[in-house]
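So you can see what is in the structure, the chains are spelled out below.
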Amino acid sequence: MMPTAGLKTIIALSFVLALGFLLVILSCALYKVYYPLLVVGTYVLAPVPNWICARVANPDDFVESSGNAVLDLGRFCTGFLVLMGIALPAVLAHAALINIPAMVMCIIGGLLIYGTIISFGMFFQEEQEF
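Residues numbered from 1 in each chain as written. Predicted model: local features only at pLDDT ≥ 70, side-chain atom pairs only at ≥ 80, totals over all residues. Heavy atoms only, no water.

Participant: Got a minute to help me understand the overall build of the chain in this structure?
Facilitator: Within the chain one finds 5 helices and 0 strands. Along the chain, helices (α) and strands (β) appear in the sequence α-α-α-α-α when read from the amino end. Expressed as a percentage of its 130 residues, the buried residues of the chain come to 27%. In the structure as shown, the chain presents an accessible area of about 8,800 Å², 72% of it carried by carbon and sulfur atoms. (Helix = DSSP H or I, 4+ residues; strand = E, 2+ residues; numbered from the N terminus. Buried < 20%, exposed > 50% of the residue type's maximum accessible area, 1.4 Å probe, protein only. Areas by Shrake-Rupley, 256 points an atom, 1.4 Å probe, with all protein chains shown as cover.)

Participant: What should I look at first to understand the nonpolar core in this one?
Facilitator: Buried together is how nonpolar side chains tend to be arranged in soluble globular proteins. Val 24, Val 39, Val 40, Tyr 43, Ala 46, Leu 81, Val 82, Cys 106, Ile 113 and Tyr 114 together form the largest nonpolar core, which totals 10 residues. Not counting chain neighbours up to four residues away, the residues in contact with Leu 81 comprise Thr 42, Leu 45, Ala 46 and Pro 49. Grouped together as the second largest cluster of nonpolar side chains are 6 residues, Leu 92, Ile 98, Ala 102 and Met 103 included. (Core = buried A, V, L, I, M, F, W, Y, C linked by side-chain atoms within 4.5 Å. Contact = heavy atoms within 4.5 Å.)

Participant: When you look at the packing of helix H2 (residues 37–45) against helix H5 (residues 100–124) in this model, what are you seeing that I'm missing?
Facilitator: In a packed pair of helices, the relevant descriptors are the angle between the two axes and the axis-to-axis distance. Running from N to C, H2 and H5 point in directions that differ by 20°, and their axes come no closer than 9 Å. Classified by the angle between their axes, H2 and H5 sit roughly parallel to one another. Once H2 is placed against H5, the crossing between them reads as right-handed. Here Val 39, Val 40, Tyr 43 and Val 44 of H2 come into contact with H5, specifically with Cys 106, Gly 110, Leu 111, Ile 113, Tyr 114 and Ile 117. (Axes fitted to C-alpha atoms, helices over the stretch in contact; angles between N-to-C directions. Parallel < 35°, antiparallel > 145°, perpendicular 65-115°, else oblique. Left-handed = near helix turned anticlockwise from the far one by under 90°.)

Participant: Just to check I follow, could you spell out the packing of aromatic side chains for this structure?
Facilitator: Geometrically, a pair of aromatic rings is defined through the distance of the ring centres and the angle of the planes. All told, the structure shown has 1 aromatic pair when counted by the stated rule. Ring centres of Tyr 43 and Tyr 114 lie 5.9 Å apart, and the angle between their planes is 40°; this geometry places the pair in the tilted category. Linking Tyr 43 in helix H2 with Tyr 114 in helix H5, this pair joins segments that are 71 residues apart in sequence. Residues Tyr 43 and Tyr 114 agree in their burial class; the two are buried. (Phe/Tyr/Trp six-rings, centres within 6.5 Å; stacked < 30°, edge-to-face > 60°.)

Participant: Can you walk me through unusual backbone geometry in this structure?
Facilitator: Residues other than glycine predominantly adopt negative phi, and peptide bonds predominantly adopt the trans conformation. Backbone geometry places Lys 32, a non-glycine residue, at a positive phi of 55°. Among the secondary structure elements, Lys 32 is positioned in the loop between helix H1 (7–29) and H2. Among the residues examined, Lys 32 registers a relative accessible area of 67% and is labelled exposed. Unusually for a residue other than glycine, Ala 96 sits at a positive phi of about 60°. Assignment of secondary structure puts Ala 96 in the loop between helix H4 (67–94) and H5.

Listed below in structure tokens is the structure:
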């Protein structure tokens, strides 16, 4: 049974999402280098492969087992985008394009953004009837 989303849940998730965006924007604005904004794009695009592959896979087809391969591809692409969102600030810091504190703020902010997106999806997903 999935938890239900109430008004307090929506407010809390919105606050965490705003905090994540604030950290990413501050990591750019405080050091006047705007490369960390690329992380926001990777975290916003990260759930898209799972969403597309879940729609393409046919869970009602019991004869053909190719639905799992499509779902696994979506999970792989999502994992790649999440890992890229963590690794990109580290690579930028290693190349001395951003500072270490900006890297830390960007990674923490990005994880808060992605965690909020996943939490919204968990709280608001529709119940499947059999």
